[in-house]
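One letter stands for each residue in the lines below.
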Amino acid sequence: MTGTTGTLRVAATGASGALVLRPWRTSDAQTVIEAYGDPEISRWTTKPIAGRADALRWLDIQRRGTESGTRLSFAVCAAHERNPQHAERLERLQQAERAYSADPADARDSAARADQVQPQGGIVLGNISLRWSEASGPEAAEVGYWVMAHARGQGVAPRAVEALSTWALENFAGDGLRRIKLIHQVDNLASCRVAAKTGYHFERILPAEPPYPRDGHLHVREAG
């Protein structure tokens, strides 16, 4: 798949504000640490993030995946709006990132940290990605996502999944993309609801295999 460094915008609906899906940045390291420190996110992941080095490694994986065309990963952000809670949260993240700016090894990232607030979106609400594998080829991709604790219950996951899925099936049709898979463990009921809301029909149960301890659900969304 051809990589992209652009952004996707999701219009506001009812009481839910607009969203911006933009590429992850080095300045998001503190956000990634916070996300993976949340038990509701870490319980569904296989690679823990214990500190800044792990977070930077995770961010580099997202960047390299985009460059190689095997992964598209986006930070799901609130569009800019006058929200005091978001402004306070952004300030805390900026302070945490500035604490590292004195480290010469991180000097190259100082400009990125300074631009934590950009036209490409405000506070980070979650993560969403599409991944391709050699086994599936260009015909199939897999969507994955998580939502930060402060953003749950606001419809962030289904709106982001719907937007990215619709865009990808249209944008990569010429490359052969025909179906997107959504896989989750059987006890992840929230992801089952997201699949139902976004047109991913249940296809079959996947038997448990390492590193996943439980059976999984395979949901699929087809082109057209």
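Not measured: the values here are computed from a predicted model. (Residues numbered from 1 in each chain as written. Predicted model: local features only at pLDDT ≥ 70, side-chain atom pairs only at ≥ 80, totals over all residues. Heavy atoms only, no water.)

## Topic: the overall build of the protein
Selection criterion: For helices the rule is a DSSP run of H or I covering at least 4 residues; for strands it is a run of E covering at least 2, with both sets numbered from the N terminus onward. Partly exposed residues are those whose accessible area sits between 20% and 50% of the maximum for their type, while under 20% is buried and over 50% is exposed, using a 1.4 Å probe and protein chains only. Note on contacts: a residue pair qualifies if any of its non-hydrogen atoms lie within 4.5 Å across the two residues. Using the Shrake-Rupley algorithm and a 1.4 Å probe, accessible areas are obtained, with residue cover drawn only from the displayed protein chains.
Looking only at helices and strands, the protein features seven helices and eight strands. Across the 224 residues in the protein, those meeting the buried criterion constitute 44%. Sequence separation of at least 24 residues holds for 69% of the intrachain contacts in the protein that already meet a minimum separation of 6. A total of about 11,400 Å² of accessible surface is found on the protein, and carbon and sulfur atoms cover 53% of it.

## Brief notes about the confidence of the model for the protein
Heads up, the condition is: Confidence of the predictor at the level of single residues is given by pLDDT, which spans 0 to 100.
When the pLDDT values of the protein are averaged, the result is 85; 79% of them are 70 or greater. Scored below 50 in pLDDT, residues 104-119 shows 26 contacts in the model against residues more than four places distant or in partner chains.

## Some details on the pattern of salt bridges
Spelled out, the test is: Here a salt bridge means any side-chain nitrogen of Lys or Arg lying within 4 Å of a carboxyl oxygen belonging to Asp or Glu.
Taken as a whole, this structure holds 13 salt bridges when the rule is applied. The residue arginine 22 makes a salt bridge to aspartate 28 at a minimum N-O spacing of 2.7 Å. A relative accessible area of 0% places aspartate 28 in the buried class. Between arginine 179 and glutamate 203 there is a salt bridge whose closest N-O contact spans 3.5 Å. Separated by 24 residues along the polypeptide, arginine 179 in strand β6 (residues 179-185) and glutamate 203 in strand β7 (residues 201-206) bring together distant segments of the chain. What emerges from the salt-bridge pattern is a single network uniting Glu40, Arg43, Asp187 and Arg214.

## What about the packing of aromatic side chains?
Heads up, the condition is: Here a pair means two rings of Phe, Tyr or Trp (six-membered ring of Trp) with centres within 6.5 Å. Their orientation is stacked below 30 degrees between planes, edge-to-face above 60, and tilted elsewhere.
In the structure shown here, the tally under the stated rule is seven aromatic pairs. Ring geometry for tryptophan 58 and tryptophan 146: centres 6.3 Å apart, planes at 40 degrees, overall tilted. With tryptophan 58 in helix α3 (residues 52-68) and tryptophan 146 in strand β5 (residues 140-147), this pair connects stretches of sequence that are 88 residues apart. Accessibility classification places tryptophan 58 together with tryptophan 146 in one group, the buried group. Three or more aromatic residues link up through ring pairs in this structure, and these residues are Trp24, Tyr36, Trp58 and Trp146.

## A look at the environment of valine 143
With respect to the helices and strands, the residue valine 143 is situated in strand β5. Between the C-alpha atoms of valine 143 and isoleucine 128, which are 15 residues apart in sequence, the distance is 7.2 Å. When neighbours within four sequence positions are excluded, valine 143 is seen to be in contact with Ile128, Ser129, Leu130, Ile180, Lys181, Leu182 and Tyr200.

## Examining helix α1 (residues 29-36)
Selection criterion: Directions are taken from the helix axis to each C-beta atom, and the arc is the one they span.
All of the buried residues in α1 are Ala29, Thr31, Val32, Ala35 and Tyr36. The buried residues of α1 occupy one face: seen down the axis, they fall within an arc of 160 degrees.

## Observations regarding the pairing of strand β2 (residues 19-23)
Condition: Paired strands are those between which DSSP finds at least two bridges.
The element β2 is largely enclosed, with a buried count of four among its five residues. Pairing of strand β1 (residues 8-10) with β2 involves three bridges; the strand directions are antiparallel. Bridged to leucine 8 within β2 is leucine 21. Where β2 meets strand β3 (residues 71-78), five bridges bridge the pair, whose relative direction is antiparallel. Its bridge partner lying in β3, valine 20 is registered against cysteine 77.

## Digging into a nonpolar patch on the surface
Here is the rule we go by: Residues enter a patch when their relative accessible area is above 30% and they make no salt bridge; the linking distance is 9 Å between like charges and 5 Å between nonpolar side chains (Val, Leu, Ile, Met, Phe, Trp, Tyr).
A grouping of Val186, Phe202 and Ile205 is seen on the molecular surface, where their side chains present a nonpolar patch of about 260 Å² in accessible area. Structurally, valine 186 is set in the loop between β6 and α7 (189-197).

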